[in-house]
Amino acid sequence: MDHAPVTHTDDTDPTPTLFDEMDTTEPDADATPKKKAARKAAPQKKSGAAKVSKKSAADETATENASEPKTKTERTGTRKSAAEMATKQREISVAEFFTKNRHLLGFDSPLKALLTAVKEAVDNSLDACEEAGILPEIAVELTPTGEDRFRMAVEDNGPGIVHEQIGKVFGKLLYGSKFHKLSQSRGQQGIGISAAVMYGQLTTGKPARILSRTSKRADAHEFLMSVDTSQNKPDIHEKKVSEWEKDHGTRVEIEMEARYQKGLRSVDMYLKQTAIANPHVTIHYTDPGGEKVTYERATKELPAAVEEIKPHPHGVELGRLIGMLKDTSSRTLSGFMQEEFSRVGPKVARDICKLAKVSEKAHPSRIAREEASALHDAIQKSKIMAPSTNCISPIGEELVLQGLKKELEADFYFANSRSPAVYRGNPFVIEVGIAYGKPGGVGLDITQEGRIVKRDKAAAVTEDLVGNADEPIRVLRCANRVPLLHQQAACAVTKAVIQTNWRAYGLQHPKGALPIGPMAVMVHIASVWVPFTSESKEAIASYPEIMKEIKLGIQECGRRLGTYIRKGKRLRAEFDKRNYIEMYIPHIGLALQEILDLDDSERDDTVKTLDDVLQKSRKF
């Protein structure tokens, strides 16, 4: 049966539907009555199928329309104007920023947070005591208050804090007295202890307790406070006059979410290394289990007092120079150079101005940017004396040795303090100390008569700072007398240790790793501004000048170590040779007795004479 072609007047899909296909089917001539009855009902089925087919087509069309790309307006909805976006812009508080980024300050895990909080409190106590000329005595207490919760308490005998400043010191980030001073100090940014208070309130919701007294005649003031993070200011809950048995000092208590465990990066190890780098301090430590340990001081002499210095010209960048020119009170450029910088006299100032082709009588605030750039270039090209080192206070070779011997049990000690050097205009001193070998060493000693004898049994090692002979050496990193326990691989100290050729000094040294041996290496940098890699102050940046000085200090200690190791090997070899010869001396005595017909006393005298000849003829 033929049909005329279907004409489509719209843009729909011309594909035949199920109804069209059924309509084109010719009737069967041989169909039975049952089949004919079925055909009579077929148009109703066709109509139902057609409805289903049309619905399916509509769904397909909707799906196709949904898959088509939308315009930018349809994707984003209502577009916002610049005025609407401007209403949502606001200033971010420093405290608010570090609340969301507390990992930058060292509070990225409960285990590390406990150490960071103790470190910041102890560093502040040591700085305060030394600045006031007081021999520091510090008490550290860790008390568990619940599951993964501890109360940290640090108490010192320092000068105390006036009550008007307590809130700002402990409750305001980036507030302190050390940022603008060019002199050695442990703290730099004024963030640490206030960040610990902030971490405690974030994790437990409890305020910190501060107790301080400035003198015996003054009252002791107690504060309960937290940090208002939205405005970066202290939120004082309670303040009162309290009774305290100490004549002067400060006590801070912070409850926080934390985790405690012993190890090389624990609070215990930090306090031990603090006692090594600060031999003038006494530390009383009570761990969470109630066990008490006291690290006694090795000297009663305080570190030399430091003096604040002016910035050195070679460490000033162009932008800072332009700012200093605008802010100075000097009326001439020559006076500005002499008053605002260290190591600049009239002749040096005159030479710099002449090289920059700028009048030395010009008013500093009227110096244009081009002239300031020429002045900066002239400063870099001029020879200027290195900055004074009165602003830094290194530990000293003798005290480094005392600190190592006081806290580490080893067989060989040596310390080396380098001459002052400069990076970016900042003076610094590198000090290196080593402790090698388990107590007893090779187990041999030489008497005044030249005899080699075995040593007495060595004392047991209580701390694992000096590892075993098949373990990597321990690296103790310190900056301004503060131990650095984390981010060891990123630190300039570790890189310098790895880059040193330890094979030349008798140690095994795998490529790209720490050498193998029972040794601890302590490296200390003293500077007016330590270039830390982050706000958490855990690693030192790899400035070429700093790397060079660390390597030179390590090499000097390495040469002494190599001499000791070679001497120990020779001593052991000589001891073995003498023992081998001594085995035959009694037999020689018996042979001489038979040949010369000697009695027993003469034979014994002969054996003793032979033994003395052996010891004297084989001098070591």
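Residues numbered from 1 in each chain as written. Predicted model: local features only at pLDDT ≥ 70, side-chain atom pairs only at ≥ 80, totals over all residues. Heavy atoms only, no water.

1. A closer look at the overall build of the chain
For the chain, the count of helices and strands is 18 helices and 16 strands. In the chain, buried positions account for 42% of the 620 residues. Summarising the internal contacts of the chain: among those between residues at least 6 apart in sequence, 70% fall at separations of at least 24. Surface exposure of the chain reaches about 34,100 Å², of which carbon and sulfur atoms provide 51%. (Helix = DSSP H or I, 4+ residues; strand = E, 2+ residues; numbered from the N terminus. Buried < 20%, exposed > 50% of the residue type's maximum accessible area, 1.4 Å probe, protein only. Contact = heavy atoms within 4.5 Å. Areas by Shrake-Rupley, 256 points an atom, 1.4 Å probe, with all protein chains shown as cover.)

2. Section: a nonpolar patch on the surface
A cluster of nonpolar side chains, namely Y580, I581, M583, Y584, I588 and L610, defines an oily patch on the protein surface of about 560 Å² accessible area. Relative to the helices and strands, I581 resides in helix 16 (residues 544-582). (Patch = residues over 30% accessible without salt bridge, like charges linked within 9 Å, V, L, I, M, F, W, Y side chains within 5 Å. Salt bridge = Lys/Arg side-chain N within 4 Å of Asp/Glu carboxyl O.)

3. With respect to the packing of helix 15 (residues 492-499) against helix 16
Where helix 15 meets helix 16, the closest approach of the two axes is 9 Å, and the angle between their N-to-C directions is 50°. As summarised for this structure, helix 15 and helix 16 are arranged oblique, according to the angle between their axes. When the axes of helix 15 and helix 16 are compared, the crossing they make is right-handed. For the pair helix 15 and helix 16, contact is made by A492, V493, K495, A496, V497 and Q499 and by M547, I550, K551 and I554, respectively. Per-class residue counts for the contact of helix 15 with helix 16 are seven nonpolar, one polar and two charged. (Axes fitted to C-alpha atoms, helices over the stretch in contact; angles between N-to-C directions. Parallel < 35°, antiparallel > 145°, perpendicular 65-115°, else oblique. Left-handed = near helix turned anticlockwise from the far one by under 90°. Nonpolar A, V, L, I, M, F, W, Y, C, P; charged D, E, K, R; others polar.)

4. Regarding the side chain of Q593
Tracing the backbone shows Q593 in helix 17 (residues 585-596). Among the polar contacts made by the side chain of Q593, one reaches the side chain of R603 at a distance of 3.5 Å. Residues within four places of Q593 in sequence aside, it is in contact with L598, D599, D600 and R603. (Polar contact = N/O pair within 3.5 Å; in protein donor to acceptor, adjacent residues only side chain to side chain.)

5. Notes on the sheet that holds strand 3 (residues 208-213)
Strand order in the open sheet formed by eight strands is 5-4-3-6-2-1-7-8, and the pairing between neighbours is mixed. Each edge of the open sheet is held by one strand with a lone partner, namely strand 5 (233-242) and strand 8 (292-295). Within this sheet the neighbouring strands show an average axis-to-axis angle of 15°, counted without direction. For strand 4 (residues 220-228) and strand 5, the ladder comprises nine bridges, and the chain directions are antiparallel. Each bridged residue has a counterpart across the sheet, and for S226 the counterpart in strand 5 is D235. (Pairing = 2+ DSSP bridges.)

6. Comments concerning the packing of helix 10 (residues 318-327) against helix 11 (residues 333-340)
Between two packed helices, what matters for the description is the angle formed by their axes and the separation of those axes. At a minimum axis distance of 11 Å, the contact between helix 10 and helix 11 shows a crossing angle of 110°. The pairing of helix 10 with helix 11 is recorded here as roughly perpendicular in orientation. The two elements helix 10 and helix 11 meet at a crossing, and its hand is right-handed. In contact with L321, M324 and L325 of helix 10, helix 11 contributes L333, F336 and E340. Each residue belonging to the contact of helix 10 with helix 11 can be placed in one class, and the counts come to five nonpolar, no polar and one charged.

7. As for the pattern of salt bridges
Here the structure, examined in full by the defined rule, presents 28 salt bridges. The closest approach of N and O atoms between E407 and K406, which form a salt bridge, is 2.7 Å. Judged by relative accessible area, K406 falls into the partly exposed class, the value being 27%. The network of salt bridges with common partners includes E141, E155, R209, E222, K246, R251 and E253.

8. Some details on the environment of T500
On the secondary structure map, T500 appears in the loop between helix 15 and strand 16 (519-527). Given a relative accessible area of 4%, T500 falls into the buried group. Those residues within four positions of T500 in sequence are excluded, and the remaining contacts are Y505, H509, I554 and Q555.

9. A closer look at the confidence of the model for the chain
Counting all residues, the mean pLDDT for the chain is 82, and 81% of those residues have values of 70 or more. Long-range and interchain partners of residues 1-38, a stretch whose pLDDT sits below 50, account for 16 contacts in this model, where long-range means more than four residues apart. Predicted confidence for residues 458-463 stays below pLDDT 50, and this span has eleven contacts to residues more than four positions away or in other chains. (pLDDT = per-residue confidence, 0-100.)

10. Concerning the pairing of strand 6 (residues 249-257)
Burial within strand 6 is extensive, with eight of its nine residues counted as buried. Where strand 2 (residues 149-156) meets strand 6, eight bridges bridge the pair, whose relative direction is antiparallel. Bridge assignment links R149 to a residue of strand 6, and that residue is E257. Two strands pair when backbone bridges link them, and strand 3 and strand 6 are joined in this way by five bridges, in the antiparallel orientation. Opposite S212, over in strand 6, you have T250 as the bridge partner.

11. Observations regarding the packing of aromatic side chains
For the structure shown, the criterion picks out seven aromatic pairs. Residues F412 and Y564 carry aromatic rings whose centres are separated by 4.7 Å and whose planes lie at 15° to one another, so their mutual orientation is stacked. Here Y564 lies in helix 16 and F412 lies in strand 9 (residues 412-417), a separation of 152 residues in the sequence. Here F412 falls in the buried class, since its relative accessible area comes to 14%. One aromatic cluster is present, built from ring pairs that chain together F412, Y436 and Y564. (Phe/Tyr/Trp six-rings, centres within 6.5 Å; stacked < 30°, edge-to-face > 60°.)

12. Section: a positive patch on the surface
On the surface, R566, K567, K569 and R570 cluster together to form a positively charged patch. Structurally, K567 can be placed in helix 16. On the accessibility criterion, K567 (42% relative accessible area) is partly exposed. (Lys, Arg positive; Asp, Glu negative; His and termini not counted. Charge placed at Lys NZ, Arg CZ, Asp CG, Glu CD.)

13. Some thoughts on the pairing of strand 7 (residues 282-286)
The pairing of strand 1 (residues 137-146) with strand 7 spans five bridges and is classified as parallel. Bridge pairing in strand 7 places V140 opposite Y285. Here strand 7 pairs with strand 8 via four bridges, running antiparallel. From the neighbouring strand, T286 faces strand 8, where its bridge partner is K292.

14. Structural notes on unusual backbone geometry
With a phi close to 50°, R424 is a non-glycine residue in the positive phi region. Within the fold, R424 resides in the loop between strand 10 (421-423) and strand 11 (426-436). The residue N480 is not glycine, and still its phi comes out positive at about 50°. Note on placement: N480 falls in the loop between strand 14 (474-479) and strand 15 (482-484).

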